[in-house]
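As a plain string of letters, each chain reads:
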Amino acid sequence: MNQPATEQPSVIYLKDYEAPAFLVEQTDLRFELEEEQTLVRSQVRYSRNPGCVSRQRPLVLDGHESLELQRLSIDGEVLSAQDYRREGEQLVIPDLPDSFTLECVTRIEPQNNTALEGLYKSDGMFCTQCEAEGFRRITFYQDRPDVMGLFETTIVADKQRYPVLLSNGNLVDGGDEEGGKHWVRWQDPFPKPAYLFALVGGDLEYVEDRYTTCSGRQIALKIFAEAKDLDKLEYAMTSLKQSMQWDEQVYGREYDLDIFMIVAVDFFNMGAMENKGLNIFNTSCVLAHPKTTVDTGFQRVEGVVAHEYFHNWSGNRVTCRDWFQLSLKEGFTVFRDAEFSADMNSRTVKRIEDVTLLRTAQFAEDAGPMAHPVRPASFIEISNFYTLTVYEKGCEVVRMLRTLLGAETFRKGSDLYFDRHDGQAVTTDDFVQAMADASGRDMSRFKLWYSQSGTPQLSISGEYDAEHQRYTLHMHQSCPASADMATKQPFLIPVAVGLLDPQGGEIPLNDGATTEVLELIAAEQSFVFENIPVEPIPSLLRDFSAPVKLQFPYSSEQLVFLMQHDSDGFNRWDAAQQLAVGIMSGLIGDYQQGRELRLEPALIRAYEQVLSNQGLDKAMVAKVLTLPTEAYLSELAEEIDVDAIYSVRRFVRETIAAALAPVFLQVYHDNNLVEEYSPDAASVARRSLKNLALAYLMATGKEDYLMLAQQQFDEADNMTDSQAALTLIVHSEHRQAASVVLESFYQRWQNESLVVNQWLGVQASDPTAGALMRVQALLEHPAYDSTNPNKIRALIAVFCAQNILNFHNSDGSGYRFLADQIIVLNTQNPQIASRLLTPLTRWRKYPAERSALMKAELERISVSGNLSRDVFEVLSKSLAG
Ligand code: B3K
Ligand code: ZN
């Protein structure tokens, strides 16, 4: 809700948690969906919570300011205005019996709901988004996850406009009504909190399939979309069936309802939502077709379908007691979907992608003004805490538990957790306790990962004692102060280690294995390996066994050695990254000192070797040969020198390209096969290597390669190749060619909304001069819609987060542009506005002039008036101190 300028939104603390005064047994909802209004009647059976000490506490219901209360009655008796009071966003009803039925009629206007929370309209279709606190925009309710009850939902609507009416659970009844209307009734047999409620009403079509569960139950699977998108649902359906099978095999979790539905909507604040039996998806996370979707899009669909499906157990059957526990379901479910994707595709590549995201974006979050632990201790607006820390770092925390306990014991722990807490709303402590009980280990030190923010730094040095054939690793951990927490205790850090002999062989370690998980628990600790015949090269933090920043004094030669020999695929890639980071950091210094840039040959030689090694997985080759991104280099920098980072990365890319162009050309042709498109791992790998080769070739600036890219653009039969060529041409200095391909791409795809988003994104990320003006012009383009989050992300968020040169233009125009957009979005869609703020919140990491310009824009937003809680929280934390 929007706060008057003078009123400070209040902070909510985990330590203040209190159980609800009343429990809900049954919730019956009736929706009359109309064009001008929707009437919602809720009948809720309440009883006093025996777990709540005070018998006097009133019933406190949450209700958004937009709710128009039409009637309130208790056991059939209408309440008058004296019987209750509205206090801000709450409705308080005192003097209640121990159990009663409350009936409440509210009038809402979904057609005017631009925040896309609660019940709203997406392209003429009714849909809902209730997590975290959207249900209070539908009716007055105890809108908190520890209130779980059974739901029955009746929906009445015009039959022609809204032939499809859906809600959670099973369809139990329905029929026609007067005036061209029809009605349906859905019953959900599983108790759930309000945030998992969903409703859909629209003119939708669907694809259908069946799944037979491990116990032989038949489940109907339906995926709904607009008629024009019906040909883009097959991949999601396949992913869904694979997810269902995987969860049975890997976690012993069977689906519980007779039907599972997914609905694709175009207006959605995030990726998708796990509503019980009725997942609602952003079209971008469910539609996939070779002609319109790039490889990474297919992978995203697979991953998000799995993620939402897995929530049926990790989130729905066992849910969160309060929103501070969000990572209980999100961290665990991200871990589950990451393992699923790893099993479906290349495990190492998946790990590299996840760690890249963590190291660039989550580490930056930890170091910024919104830093918070995986289990935050306080918030102003919970929507601001659907973060990389809660999701991605939360996933790493669960991964560490598995690393420490081993796969088998971890599975025992998850079985115990699901059995013990089925149907309950619980905490991250309960999750860890199940793991502790299953393993017989005391996990109290481990729990610091949930309560302490910040990225630990781990410095390691090695010492070899030839006489005693003994190798010692000395470790030191520390964690810098974060915006929300000054001092931290040492974490329990699992450090997976291997030792390589000079020939690249793995030396058997203390227990005979070649990888050992060391448990660092103190600030300083040493680990000794006996019977080590030669001085080894250590492979540390294998598979990124903990979310920390590691320092070890490797020489360039040692990194090249690890790139070639490490049996841990992740560390082979990481050695290449470290080598490149080291070289590029040196060059950034040279650039700043005005010295001529020279690329030492080690990197080129190493890349050449990787390219010529036929035995390597192609996706891995593409990953190894991808230079550290500007975002990663920015995260690593003390102070971000945008021009230096951009120029150095470009220089290194061009130098490598010039040196290895013939090799890249060969790689390009070798992998440019004429074949039917398939999103399988091997085909994706080939395309990624081919397009990486094309990118290096284009970096030479030579016309020949421009022609190659143009040819690929013209002839591609799939979006991956088409978009790769488009991006390379548009981001090149060949401006004429750029406008030709942009125009032709738009002409061809203007009716495919998701493809148009890619077209917007390619222009938004164009590093050439004048990009901001082009972005501003695109705001007026018929393809743009300022109320659609996907369009906002494609144009504005991409420009501000990925186009570092133009966004950080020294004249401040990029910052001003973003602030203007946020001021408008603040009232229209607070969640999106608040997310868009992220690049400006990092103002302290930039040199004085840019920093001052960024800060001034934050200040301008803060006095623009009527700030939403979402924007207020991010702004005030960014400007504090
Ligand atoms: N649980 C939802 C996220 C809801 C975000 C609300 N602001 C999607 C997911 O993580 O699966
Ligand atoms: Zn989730």
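What counts and what doesn't
- Residues numbered from 1 in each chain as written.
- Chains lettered and ligands numbered in written order.
- Predicted model: local features only at pLDDT ≥ 70, side-chain atom pairs only at ≥ 80, totals over all residues.
- Heavy atoms only, no water.
- Helix = DSSP H or I, 4+ residues; strand = E, 2+ residues; numbered from the N terminus.
- Rg over C-alpha atoms; globule rule 2.2 N^0.38 Å.
- Buried < 20%, exposed > 50% of the residue type's maximum accessible area, 1.4 Å probe, protein only.
- Contact = heavy atoms within 4.5 Å.
- Pairing = 2+ DSSP bridges.
- Donors = N, O, S within 2.8 Å, 3.2 Å for Na, K, Ca; no water.
- Expected span 1.5 Å × (residues − 1).
- Bend = angle between axes of the 7 residues up to and from the residue.
- UniProt positions renumbered as here; feature names shortened; annotations may be inferred.
- Salt bridge = Lys/Arg side-chain N within 4 Å of Asp/Glu carboxyl O.
- Axes fitted to C-alpha atoms, helices over the stretch in contact; angles between N-to-C directions.
- Near = heavy atom within 4 Å.
- Polar contact = N/O pair within 3.5 Å; in protein donor to acceptor, adjacent residues only side chain to side chain.
- Areas by Shrake-Rupley, 256 points an atom, 1.4 Å probe, with all protein chains shown as cover.
- Nonpolar A, V, L, I, M, F, W, Y, C, P; charged D, E, K, R; others polar.
- Domains from an automatic or database assignment.
- Core = buried A, V, L, I, M, F, W, Y, C linked by side-chain atoms within 4.5 Å.
- Disulfide = S-S within 2.5 Å.
- Arc of directions from axis to C-beta.

Colleague: Teacher, can you tell me more about the overall build of the chain here?
Modeller: Across its full length, the chain holds 27 helices and 31 strands. In terms of overall size, the chain behaves like a compact globule, its C-alpha atoms giving a radius of gyration of 28 Å where 881 residues would be expected to give roughly 29 Å. Counting all 881 residues of the chain, 58% fall into the buried class. Partitioning the contacts of the chain with sequence separation of at least 6, the portion at a separation of at least 24 is 71%.

Colleague: Help me understand the sheet that holds strand β18 (residues 218–225), please; the structure alone is not making it clear to me.
Modeller: Backbone hydrogen bonds are what pair the strands of a sheet, in a parallel or an antiparallel way. The 5 strands lie next to each other as β17-β18-β19-β21-β20, forming an open sheet whose pairing is mixed. With one partner strand each, in any of the chains shown, β17 (205–212) and β20 (272–273) form the two edges of the open sheet. Relative to strand β21 (residues 278–282), strand β19 (residues 259–265) runs parallel, the two sharing 5 bridges. If you follow valine 265 over to β21, its bridge partner there is asparagine 282.

Colleague: Please explain the coordination of the zinc ion (ligand 2) as it appears in this structure.
Modeller: For a metal bound by four donors in tetrahedral geometry, the ideal donor-metal-donor angle is 109.5 degrees, whereas six donors in octahedral geometry ideally sit at 90 or 180 degrees. Note on the zinc ion (ligand 2): its protein donors are His307 (NE2), His311 (NE2) and Glu330 (OE). The metal-donor distances range over 1.9 to 2.1 Å. Summarised as a motif, the one-chain spacing of the donors to the zinc ion (ligand 2) is H-x3-H-x18-E. Classification of histidine 307 as buried rests on a relative accessible area of 7%.

Colleague: Quick question: what am I supposed to make of the environment of glutamate 408 here?
Modeller: Here glutamate 408 is to be found in helix α6 (residues 407–421). The class of glutamate 408 is exposed, set by a relative accessible area of 64%. C-alpha separation for the pair glutamate 408 and serine 439, spaced 31 residues apart in sequence, amounts to 9.8 Å.

Colleague: Looking at this structure, I do not really get helix α5 (residues 388–405). What am I missing?
Modeller: With 18 residues, α5 should cover 26 Å at 1.5 Å per step; its first-to-last C-alpha distance of 25 Å lies within 8% of that length. Along α5, the helix axis deviates most sharply at glycine 394, where the bend reaches about 25°. Across the 18 residues of α5, 14 count as buried, placing the element largely inside the fold. One or two steps after α5, the chain reaches glycine 406, where phi turns positive at roughly 85°.

Colleague: Before we go on, may I ask you to explain the UniProt feature "domain: Peptidase M1 membrane alanine aminopeptidase" (unreviewed entry) in the chain in this structure?
Modeller: On the UniProt side, "domain: Peptidase M1 membrane alanine aminopeptidase" (unreviewed entry) is annotated at positions that read residues 235–446 here. Each end of residues 235–446 is marked by a C-alpha atom, and these two atoms are 39 Å apart; helix forms 55% of the span and strand 9%.

Colleague: Explain the pattern of salt bridges here, please?
Modeller: When the charged atoms of two side chains lie near each other, side chains of opposite charge can form a pair. Counting across every chain of the model gives 69 salt bridges. A salt bridge links glutamate 530 to arginine 470; its shortest N-O distance comes to 3.2 Å. Here glutamate 530, found in the loop between β29 (524–529) and β30 (537–539), pairs with arginine 470, found in strand β26 (residues 470–478); they are 60 residues apart in sequence, far enough to count as distant. For glutamate 530, a relative accessible area of 34% translates into the label partly exposed. Linking arginine 542 and glutamate 506 is a salt bridge whose minimum nitrogen-to-oxygen distance equals 2.8 Å. Note that arginine 542 is positioned in the loop between β30 and β31 (549–551) and glutamate 506 in the loop between β27 (493–500) and β28 (516–520), a separation of 36 residues in sequence. With a relative accessible area of 4%, arginine 542 lands in the buried category.

Colleague: Any chance you could explain the sheet that holds strand β13 (residues 164–167) here in plain terms?
Modeller: The antiparallel open sheet is built from 4 strands, whose spatial order is β10-β11-β16-β13. For this open sheet the edge positions go to β10 (118–122) and β13, each flanked by a neighbour on one side alone. Averaged over all pairs of adjacent strands, the angle between their axes in this sheet comes to 20°, without regard to strand direction.

Colleague: Would you take a moment to explain the UniProt feature "domain: Peptidase M1 alanyl aminopeptidase C-terminal" (unreviewed entry) in the chain for this structure?
Modeller: Residues given the UniProt feature "domain: Peptidase M1 alanyl aminopeptidase C-terminal" (unreviewed entry) here are residues 557–880. From the first C-alpha to the last, residues 557–880 spans 45 Å; its make-up is 74% helix and 0% strand.

Colleague: Would you mind going over the site of ligand 1 with me for this structure?
Modeller: Neighbouring residues of ligand 1: 14 residues in total, closest Glu131, Ala272, Glu274, Glu308 and Tyr391. With respect to ligand 1, the side chain of lysine 329 contributes an N or O atom lying 3.3 Å from a nitrogen atom. Here an oxygen atom of ligand 1 and a side-chain polar atom of tyrosine 391 are 2.4 Å apart. A total of 340 Å² of accessible area belongs to ligand 1 in isolation, and the protein chains cover 95% of it. Listed by contribution, the elements that provide at least two residues to the shell around ligand 1 are β20, α2 (295–310) and α3 (326–344). Partitioned by chemical class, the residues of the shell around ligand 1 number 6 nonpolar, 3 polar and 5 charged. If you count residues domain by domain, the shell around ligand 1 takes at least three from each of domain 1 (21–310) and domain 2 (327–451).

Colleague: Where do I start with the nonpolar core in this structure?
Modeller: In a soluble, globular protein the nonpolar side chains are often hidden away together inside. Counting residues in each nonpolar core, the largest one holds 288 residues, and the members touching the most others are Phe31, Tyr46, Ile93, Phe446, Val495, Ile656 and Ile796. With 13 residues, the single largest contributor to this core is helix α14 (residues 642–671). If we ignore the near neighbours within four places in the chain, the residues touching valine 495 are Leu458, Ile460, Met475, Glu516, Val517, Leu518, Leu520, Leu541 and Ser545.

Colleague: Can you help me understand the domain arrangement of the chain in this one?
Modeller: Frequently, the measure chosen for interface size is the accessible area removed from exposure when the parts meet. By domain assignment, the chain separates into domain 1 (21–310), domain 2 (327–451) and domain 3 (457–553). Of note, the centres of domain 1 and domain 3, computed from C-alpha atoms alone, are 49 Å apart.

Colleague: Would you take a moment to explain the environment of serine 722 for this structure?
Modeller: As for its placement among the helices and strands, serine 722 is situated in helix α17 (residues 719–730). We classify serine 722 as buried; its relative accessible area is 8%. Expressed as a C-alpha distance, the spacing of serine 722 and glutamine 710, which sit 12 residues apart in the sequence, is 9.4 Å. Residues in contact with serine 722, not counting those within four places in the same chain, are Phe713, Ala716 and Phe745.

Colleague: Would you mind showing me how to read the side chain of aspartate 337 here?
Modeller: Within the secondary structure layout, aspartate 337 lies in helix α3. When neighbours within four sequence positions are excluded, aspartate 337 is seen to be in contact with Gly303, Ala306, His307 and Phe310.

Colleague: Before we go on, may I ask you to explain the side chain of asparagine 282 in this structure?
Modeller: Note that asparagine 282 resides in strand β21. Apart from the residues lying within four places of it in its own chain, the contact partners of asparagine 282 are Val265, Phe268, Met270, Gly271, Ala272, Asn790 and Arg793.

Colleague: How should I be thinking about the state of the cysteines in this particular structure?
Modeller: Any covalent bond linking the sulfur atoms of two cysteines counts as a disulfide. What the rule picks out here adds up to 0 disulfides. In this structure cysteine 127 is not part of a disulfide, and its nearest cysteine sulfur, from cysteine 130, lies 10 Å away. Its relative accessible area of 0% is what places cysteine 127 among the buried residues.

Colleague: Just checking my understanding: could you explain the pairing of β10 for this structure?
Modeller: Within a regular strand, the side chains alternate between the two sheet faces. For β10, a buried count of 5 out of 5 residues is recorded, marking the element as mostly surrounded by other parts of the structure. Pairing between β10 and strand β11 (residues 125–129): 5 bridges, direction antiparallel. Opposite lysine 121, over in β11, you have phenylalanine 126 as the bridge partner. What sits between β10 and β11 in their antiparallel hairpin is a turn of 2 residues, with aspartate 123 showing a positive phi close to 50°.

Colleague: What am I meant to see in helix α26 (residues 848–862) here?
Modeller: One turn of an α-helix holds 3.6 residues; hence residues three or four places apart share an orientation. Its 15 residues give α26 an end-to-end C-alpha distance of 21 Å, which sits within 8% of 21 Å, the value for a rise of 1.5 Å per residue. Restricting attention to buried positions, one finds in α26 the residues Arg850, Ser851, Met854, Glu857, Leu858 and Ile861. All buried residues of α26 fall inside an arc of 125° around its axis, so they share one side. Set apart from the buried face of α26 by more than 90 degrees, the exposed residues are Ala848 and Glu849. Looking at the buried side of α26, the elements it contacts are α14, α23 (813–828), α25 (838–841) and α27 (869–879).

Colleague: So what exactly am I meant to see when it comes to unusual backbone geometry here?
Modeller: For residues that are not glycine, phi is negative in most cases, and the peptide bond is trans in most cases. A cis amide bond, omega -5°, links glutamate 131 with the succeeding residue alanine 132. Tracing the chain through its elements places alanine 132 in the loop between β11 and β12 (149–158). One non-glycine residue, aspartate 123, lies in positive phi territory at about 50°. Among the secondary structure elements, aspartate 123 is positioned in the loop between β10 and β11. Taking the relative accessible area as the measure of exposure, aspartate 123 reaches 49% and is therefore partly exposed.

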